[in-house]
Amino acid sequence: MSYDFDRQIERRGTDSAKWSYFPADVLPMWVADMDFASPPPIIEALAARVQQGVFGYGMESKTLKQTLVERMERLYGWTIKPDDLVYLPGLVSGLNIVSRAVGERGDGVLINTPVYGPFLTAPANQYRTLQSAPLNVAQTGRRLHYELNMDGLAAAVQPHTKLFLLCNPHNPVGRAFTHAELSEIAAFCVSHDLVICSDEIHCDLLLDGTQHIPIASLSPEIAQRTITLMAPSKTFNIPGLGASFAVVQNPTLRKQLEAAMAGIVPHVNILGMVAAEAAYARCDDWLAALRAYLTANRDFAVEYVETHLPGVNYTVPEATYLLWLDLRGLGEAKPAEMLMQQAKLAVNEGAWFGEGGEGFVRLNFGCPRSTLEEGLRRLCAVLEQRV
Ligand SMILES: Cc1ncc(COP(=O)(O)O)c(C=O)c1O
């Protein structure tokens, strides 16, 4: 079956965060959702459930748990059990719950920056101390390649550090970490006795032939100290339906997590559960087509930046639909704010992602090619005169 990712869908007037936050003349390429319709099996499953007409309290779906167990085995050779799965309404909640569940008030949580903003705020929300080190970055021509900064992490870790938050694939720098990189960070976490919380929400958004490796799949020893956070939300463009899950193979850690959630965190929405089941059971060909489209969009954007934006350094993401652009050459403290004013283009301010993000912006290419072209044209029109 073929899918039309070029189709423009009007999202204004739907209370879309991405499209309704800024005035109508602003092109939104910021918040990480895509402008594509979800796969037909999800829409059909939701329509059938809505048609039934009764929306009472739901139960945790056992079918979905079995689907997830089989998926982890099939994709990663990672053997988990249905009982290892804990449903969550979202992964920002997940990051906060994990920060609360591991250690005590005042304990340390370790991260590399730049990274998705809630990694910076979740620890403090839960009375933990943030310890961070910037990612390493290598530059070839204008292409940037980021790696975990093991020396920086070794310098930042303290005796009271209890938790390491990993983002893989990485938002915003687009890395899908290799087996060797994951093994190194896992060994570091073992030697400092850290729990690993691995946010793998972007794990299906793989470009080219990139493979995803869940860090917990490295060995049973690593699995015992890892909480993996995943969701169908980014992949199948259903973040508004609030269905996510954690994989926690260590029963003690799982109890800690459930205790941190008790009475506060709501059940997953019943429609979210229906959508998640359809997503994981019946959308593989849609996902393959999406990956091909996103890969072509990434190549188009990189080529455009290389050709038309000579002063701009850039990443070539291996995963995600996020391009990380280095606009430090502009000498602007807040380049996204400048682009909003002068180009009517909404991108994310790099500083929001923490140390190492200042002077960068994040551009979302999860959109029809024509939208991407328009966004890049707007960027170019302003930068041509500046860089
Ligand atoms: C790495 C990462 N984690 C979590 C989220 C948000 O997850 P949720 O919408 O489930 O709270 C995002 C959204 O962009 C993300 O990029």
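Residues numbered from 1 in each chain as written. Predicted model: local features only at pLDDT ≥ 70, side-chain atom pairs only at ≥ 80, totals over all residues. Heavy atoms only, no water.

Peer 1: Teacher, can you tell me more about unusual backbone geometry here?
Peer 2: Negative phi is the rule for most residues except glycine; trans is the rule for most peptide bonds. Here the amide bond leading from Thr113 into Pro114 is cis, since omega sits at -5°, within 30 degrees of zero. Residue placement: Pro114 occurs in the loop between strand 3 (108-113) and helix 5 (118-125). Cis geometry is found at the peptide bond from Asn168 to Pro169, where omega equals -5°. Despite not being glycine, Asp208 has its phi angle at roughly 50°, a positive value. Secondary-structure assignment places Asp208 in the loop between strand 8 (195-199) and helix 8 (220-224). (Helix = DSSP H or I, 4+ residues; strand = E, 2+ residues; numbered from the N terminus.)

Peer 1: I keep staring at the packing of aromatic side chains and nothing clicks. Help me out?
Peer 2: Describing an aromatic ring pair means giving the distance of the ring centres and the angle of the ring planes. With the rule as written, the count across this model stands at 16 aromatic pairs. Between Trp352 and Phe353, the aromatic rings sit 5.0 Å apart at their centres with planes inclined by 90°, giving edge-to-face as the arrangement. Given the relative accessible area of 42%, Trp352 is considered partly exposed. Judged by its relative accessible area of 0%, Phe353 falls in the buried class. Among the aromatic residues, those joined into a ring-pair cluster are Tyr3, Phe5, Phe36, Phe236, Phe245, Tyr280, Trp286 and Tyr293. Sitting over the ring of Tyr127, Arg105 keeps its end group 3.9 Å from the ring centre. (Phe/Tyr/Trp six-rings, centres within 6.5 Å; stacked < 30°, edge-to-face > 60°. Buried < 20%, exposed > 50% of the residue type's maximum accessible area, 1.4 Å probe, protein only. Lys NZ or Arg CZ within 6 Å of the ring centre and 35° of its normal.)

Peer 1: Explanation requested: the sheet that holds strand 5 (residues 136-140) in the structure shown.
Peer 2: Strands in a sheet are paired, the pairing made by backbone hydrogen bonds, and the direction either parallel or antiparallel. Strand order in this open sheet of six strands is 5-6-11-12-15-14, and the pairing throughout is mixed. Among the strands making up the open sheet, the edge pair consists of strand 5 and strand 14 (348-349). Pairing analysis gives two bridges linking strand 6 (residues 143-147) to strand 11 (residues 313-315), with the strands arranged parallel. In the strand pairing of strand 11, Leu144 is matched with Thr315. (Pairing = 2+ DSSP bridges.)

Peer 1: Would you explain helix 11 (residues 284-308) in this entry?
Peer 2: Along an α-helix, residues three or four positions apart point the same way, because every turn accommodates 3.6 residues. An ideal rise of 1.5 Å per residue puts 36 Å on 25 residues; helix 11 measures up with 36 Å between its terminal C-alpha atoms. Three or more residues of helix 11 are buried, namely Trp286, Leu287, Leu290, Tyr293, Leu294, Thr295, Asn297, Arg298, Ala301, Val302, Tyr304 and Val305. (Expected span 1.5 Å × (residues − 1).)

Peer 1: Whenever I open this one, the pairing of strand 7 (residues 161-167) confuses me. Can you help?
Peer 2: Two faces make up the sheet, and in a regular strand the side chains alternate between them. The element strand 7 is extensively covered by neighbouring structure, given that six of its seven residues are classed as buried. As judged from the three bridges shared by strand 3 and strand 7, these two strands associate in the parallel manner. For Leu110, the partnering residue across the bridge sits in strand 7 and is Phe164. Across five bridges, the pairing between strand 7 and strand 8 is parallel. Counterpart to Phe164 in the pairing with strand 8 is Ile196. The β-α-β motif built from strand 7, the intervening helix 7 (residues 179-191) and the parallel element strand 8 has right-handed crossover chirality. (Right-handed = clockwise from strand over helix to strand, strands pointing away.)

Peer 1: Help me understand the environment of Ser219, please; the structure alone is not making it clear to me.
Peer 2: With respect to the element layout, Ser219 can be found in the loop between strand 8 and helix 8. Linking Ser219 and Asn149, residues 70 residues apart in sequence, is a C-alpha distance of 22 Å. Among the polar contacts listed, one links the side chain of Ser219 to the backbone nitrogen of Ile222, at a separation of 3.1 Å. (Polar contact = N/O pair within 3.5 Å; in protein donor to acceptor, adjacent residues only side chain to side chain.)

Peer 1: Would you mind showing me how to read the packing of helix 4 (residues 91-101) against helix 9 (residues 251-261) here?
Peer 2: Packed helix pairs are characterised by how far apart their axes lie and by the angle those axes make with each other. Between helix 4 and helix 9, the shortest axis-to-axis distance is 8 Å and the interhelical angle comes to 110°. On the basis of their axis angle, the class for helix 4 and helix 9 is roughly perpendicular. Of the two elements, helix 4 crosses helix 9, and the hand of that crossing is right-handed. Side by side, helix 4 and helix 9 meet where Ile97, Val98, Arg100 and Ala101 of the first sit next to Gln256, Leu257, Ala260 and Met261 of the second. Along the lines of polarity and charge, the residues of the contact of helix 4 with helix 9 split into six nonpolar, one polar and one charged. (Axes fitted to C-alpha atoms, helices over the stretch in contact; angles between N-to-C directions. Parallel < 35°, antiparallel > 145°, perpendicular 65-115°, else oblique. Left-handed = near helix turned anticlockwise from the far one by under 90°. Contact = heavy atoms within 4.5 Å. Nonpolar A, V, L, I, M, F, W, Y, C, P; charged D, E, K, R; others polar.)

Peer 1: In this structure, what is going on with the site of the ligand? I would like to understand it.
Peer 2: Around the ligand sit Ala32, Gly90, Leu91, Val92, Tyr116, Cys167, Asn171, Asp199, Ile201, His202 and Lys234, and those are all the residues in its vicinity. The contact in question runs from an oxygen atom of the ligand to an N or O atom on the backbone of Leu91, over 2.7 Å. Separating an oxygen atom of the ligand from a side-chain N or O atom of His202 is a distance of 2.8 Å. Calculation on the ligand without its partners gives an accessible area of 400 Å², and the protein chains cover 88% of this total. (Near = heavy atom within 4 Å. Areas by Shrake-Rupley, 256 points an atom, 1.4 Å probe, with all protein chains shown as cover.)

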